[in-house]
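# Structural description and commentary
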Amino acid sequence: MNQSYKQNQVISYYMCDRNQQLTLSMLVNLLMEVSENHSAGLGREESFMRERGISWIILRYEFNITRMPTYKEEVEIETFATEYNKLFTYREFIVKDKNNRQLIQVKATFALMNNATRKMNRISSEVVEPYGAEFSKRIRRSTKPQDVNSNQAEEKGYTVRYFDIDANQHVNNSKYIEWLLDSLSPAFLSAHEIQHGIITFDKEVKEGDTVKSIVSKRIKDELYSDHRIAVEGTIHASATFKWIEKSGMELNDGNDQ
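Per chain, the residues get numbers from 1 upward, laid out in the order the sequence is written. Owing to the predicted nature of the model, reporting of local features is limited to residues with pLDDT of at least 70; listing and counting of side-chain atom pairs is limited to 80 or more, with chain, interface and lining totals taken over all residues. In computing side-chain properties, one takes all heavy atoms of the structure into account and sets aside hydrogens as well as water.

### Examining the pattern of salt bridges
Just to be clear on terms, a salt bridge is a Lys or Arg side-chain nitrogen sitting within 4 Å of an Asp or Glu carboxyl oxygen. Inspection of the entire model under this criterion finds 17 salt bridges. We note a salt bridge from arginine 140 to glutamate 83, for which the minimum N-O separation is 3.5 Å. Separated by 57 residues along the polypeptide, arginine 140 in the loop between strand E7 (134-135) and strand E8 (154-159) and glutamate 83 in strand E3 (residues 74-84) bring together distant segments of the chain. Exposure classes here rest on a 1.4 Å probe applied to the protein chains alone. A residue is buried below 20% of its type maximum, exposed above 50%, and partly exposed in between. Under the relative-accessibility criterion, arginine 140 is labelled partly exposed at 31%. You can call glutamate 83 buried: its relative accessible area is 10%. Close ionic contact of aspartate 97 with arginine 101 constitutes a salt bridge, the shortest N to O distance being 2.9 Å. Take aspartate 97: its relative accessible area is 7%, and that puts it in the buried class. Salt bridges sharing common partners tie together Arg161, Asp164, Lys175 and Glu178. Runs of H or I in DSSP of at least four residues are treated as helices and runs of E of at least two as strands, each being numbered from the N terminus.

### Concerning the nonpolar core
The definition of a nonpolar core used throughout is a set of buried Ala, Val, Leu, Ile, Met, Phe, Trp, Tyr and Cys residues joined through side-chain atoms within 4.5 Å. If you look at the biggest cluster of nonpolar residues, it comprises 49 residues, and the most contacted ones within it are Leu24, Leu27, Tyr61, Phe63 and Trp179. Sort the elements by how many residues they give to this core and helix H1 (residues 24-41) lands first, with eight residues. Whether two residues are in contact is decided by their heavy atoms, any of which lying within 4.5 Å being enough. Once you skip the residues sitting within four places of it in the chain, leucine 27 turns out to touch Leu22, Phe63, Met68, Val95 and Ile104. Residues Tyr84, Ile123, Tyr131 and Ala133 belong to the second largest nonpolar core, which totals eleven residues.

### Section: the confidence of the model for the protein chain
Predictor confidence is given residue by residue as pLDDT, running from a minimum of 0 to a maximum of 100. Looking at the protein chain as a whole, its pLDDT mean stands at 92, while 96% of the residues score no less than 70. Contacts of residues 248-257 to residues separated by more than four positions or lying in other chains number 22 contacts, the stretch itself having pLDDT below 50.

### Considerations on the side chain of lysine 242
Following the sequence through the fold, lysine 242 ends up in strand E12 (residues 234-245). Look at lysine 242 and you get buried, because its relative accessible area is 17%. For lysine 242, the residues in contact, after removing those within four places along its chain, are Glu193, Ile194, Gln195, His196, Glu222, Leu223 and Tyr224.

### Quick word on helix H4 (residues 173-182)
The buried fraction of H4 amounts to eight of the ten residues, a majority that puts the element mostly inside the structure. Looking at H4, one finds that the buried residues are Asn173, Ser174, Lys175, Tyr176, Ile177, Trp179, Leu180 and Leu181.

### Quick look at the packing of aromatic side chains
Each Phe, Tyr or Trp ring, with Trp reduced to its six-membered ring, pairs with another whose centre is within 6.5 Å; inter-plane angles below 30 degrees give stacked pairs, above 60 give edge-to-face pairs, and intermediate values give tilted ones. A full pass over the atoms with the stated rule returns eleven aromatic pairs. Both rings, one in phenylalanine 241 and one in tryptophan 243, keep their centres 6.1 Å apart while their planes meet at 65°; by these two values the pair is edge-to-face. For the residue pair phenylalanine 241 and tryptophan 243, the accessibility class agrees, reading buried in each case. An aromatic cluster of at least three residues, connected via ring pairs, comprises Tyr61, Phe63, Tyr158, Tyr176, Trp179 and Phe201. Over the ring of phenylalanine 48 we find arginine 52; its NZ or CZ atom is 3.6 Å from the centre of that ring. Think of it as a cone above the ring: NZ of Lys or CZ of Arg counts as a charge over the ring if it is within 6 Å of the ring centre and within 35 degrees of the ring normal.

### Here's the deal with the pairing of strand E4 (residues 89-96)
Buried residues dominate E4, accounting for eight of its eight residues. Both faces of E4 are covered, namely the face carrying Thr89, Arg91, Phe93 and Val95 and the face carrying Tyr90, Glu92, Ile94 and Lys96. Strand pairing follows a simple DSSP-based rule, namely that at least 2 bridges must link the two strands. Taken together, E3 and the strand that follows it, E4, pair antiparallel across an intervening segment of four residues. Of the pairings in the sheet, the one linking E4 to strand E5 (residues 102-114) comprises eight bridges and is antiparallel in character. Its bridge partner being in E5, arginine 91 is matched across the sheet by alanine 108. In textbook terms, the turn of a hairpin is the stretch between consecutive antiparallel strands, and for E4 and E5 this stretch comprises five residues, one of which, asparagine 100, has a positive phi near 70°.

So, in structure tokens, the structure goes:
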């Protein structure tokens, strides 16, 4: 049976954007903190993993967002592992407000990395047994982000800095999300909010790399943005976001924003 874990969280000022809404990158940081606390409570804390020379890496997020929490709001974050196979394990997060209304659902795909070789490890029952997730032989087929339209693409460049590297010796996922969304203009971000998103992480970015964040927008009944993080032409992360206009804003394709 799935071992669920819940944690209350008050949204602090530094977690929010200029509109006092929780940012997507800070949401991911909160989810990872809750995930780590869950693991620690089950005896699978970082020291357990480090002794075995392994660590968790995240390969994919899928977000369904009704609304983002706001400054000073208290929310409940629940998480549980749902299923695993020999290569991947799947975890879900539910964020609710004080009235028990669901605000956000996030599905995440994890894999184990060998810290010495930086390659994926098979997942053993010893590591995942306490979570109560069901074993399945099948590998889930997940929707991938759409390709960027190179004819309409815009891009920004960044250099990976010392403080972008986390304790697992790679760029933290929240930094990728900042790069992905920073390719959109402030006017666009002020006028729109994310309703759905898929992010995939394909390859590590290293300290000193020059990163390009590439984006194009499209309207097919609804407004989407498609993203790539690339280093010297190699794709390291991809994303597609579905956007809705904020109250009082007129929808457009965003090309002039």
